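# Observations on the three-dimensional arrangement
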Amino acid sequence: MSKEELIEEFLDSDTISALQTFINKNDKFNKAADLIAKAFGSNDNFTKMSESDIQKLVVSFKNNLTLLIQKTWVEKSDIALKDQLLFKMDSFLTKESSSWAENYTLFRSIIDQAVFLMFGQPTNTSDFAEYTLRIDPEFGIFWWYISSLPNETNWSEEKCKVAMMLGMFFLANY
């Protein structure tokens, strides 16, 4: 079963289409992002969040993901990766490097490594998406979203911000 067929068991077709719209449109992607955010438990108008709410989201995301990373038991061979990931979290979206577009690739790397540590298996295998959907459907939907995003992009500052905020919202509340 493909990732696309599997996700249809958990999400409606409008939300599934919204992800493709979000990824492929360079403008007018906010409506699609709002629909994806609803799948993560947000209320309407996710993309109209105030700057102070965005800053609270970033802090909540960093605090919660740092805590998840710190509390995750890892094999001895993964301790260095865990330490490196905690260091990356400290440098993510600091005042010195506050550009969302510049932090996009770092964000994707942090998420991939954190999920690897949390689940103890490579995230790029074909059965990982199914595994996450079966053991924790909410996390599986999040992983469907994250794994659909490109690792690197030339998106606008605003689109990178919204893409990252969606992932942050889920993890800040996980």
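Residues numbered from 1 in each chain as written. Predicted model: local features only at pLDDT ≥ 70, side-chain atom pairs only at ≥ 80, totals over all residues. Heavy atoms only, no water.

## Concerning the pattern of salt bridges
Evaluated as defined, the whole model comprises 4 salt bridges. Here Arg134 and Glu9 are joined by a salt bridge, their closest N and O atoms 3.2 Å apart. You can see Arg134 sitting in helix α7 (residues 128-135) and its partner Glu9 sitting in the loop between α1 (3-7) and α2 (13-24), a full 125 residues away along the chain. Overall, the relative accessible area of 43% leaves Arg134 in the partly exposed class. Overall, Glu9 belongs to the partly exposed group, its relative accessible area being 45%. Between Glu130 and Arg134 there is a salt bridge, with its nearest N and O atoms 3.8 Å apart. With Glu130 and Arg134 both in helix α7 and 4 residues apart, this pair spans about one turn of that helix. (Salt bridge = Lys/Arg side-chain N within 4 Å of Asp/Glu carboxyl O. Helix = DSSP H or I, 4+ residues; strand = E, 2+ residues; numbered from the N terminus. Buried < 20%, exposed > 50% of the residue type's maximum accessible area, 1.4 Å probe, protein only.)

## Here we look at helix α9 (residues 157-172)
Within an α-helix, residues lying three or four positions from one another point in the same direction, as the helix has 3.6 residues per turn. Here α9 contains 16 residues, and its C-alpha end-to-end distance of 21 Å stays within 8% of the 22 Å for a straight helix at 1.5 Å per residue. Judged by how many residues are buried, α9 sits mostly within the fold: 14 of 16 residues are covered. (Expected span 1.5 Å × (residues − 1).)

## Let's talk about the packing of α2 against α9
At a minimum axis separation of 11 Å, α2 and α9 run at an interaxial angle of 145°. Contacts between α2 and α9 involve Phe22, Ile23 and Asn24 from the first element and Lys159, Val162 and Ala163 from the second. Residues of the contact of α2 with α9, tallied by class, amount to 4 nonpolar, 1 polar and 1 charged. (Axes fitted to C-alpha atoms, helices over the stretch in contact; angles between N-to-C directions. Contact = heavy atoms within 4.5 Å. Nonpolar A, V, L, I, M, F, W, Y, C, P; charged D, E, K, R; others polar.)

## Quick notes on the packing of aromatic side chains
The way to describe two aromatic rings as a pair is by their centre distance and the angle between their planes. By the definition in use, this model includes 20 aromatic pairs. Between the aromatic rings of Phe40 and Tyr145, the centroid separation amounts to 5.6 Å while the plane-to-plane angle is 80°, which identifies the pairing as edge-to-face. You can see Phe40 sitting in the loop between α3 (30-39) and α4 (51-71) and its partner Tyr145 sitting in helix α8 (residues 137-148), a full 105 residues away along the chain. Note on Phe40: relative accessible area 10%, which makes it buried. On the basis of relative accessibility, which here comes to 0%, the residue Tyr145 falls in the buried class. Ring centres 5.6 Å apart and planes at 80° place the aromatic pair Phe46 and Phe169 in the edge-to-face group. (Phe/Tyr/Trp six-rings, centres within 6.5 Å; stacked < 30°, edge-to-face > 60°.)

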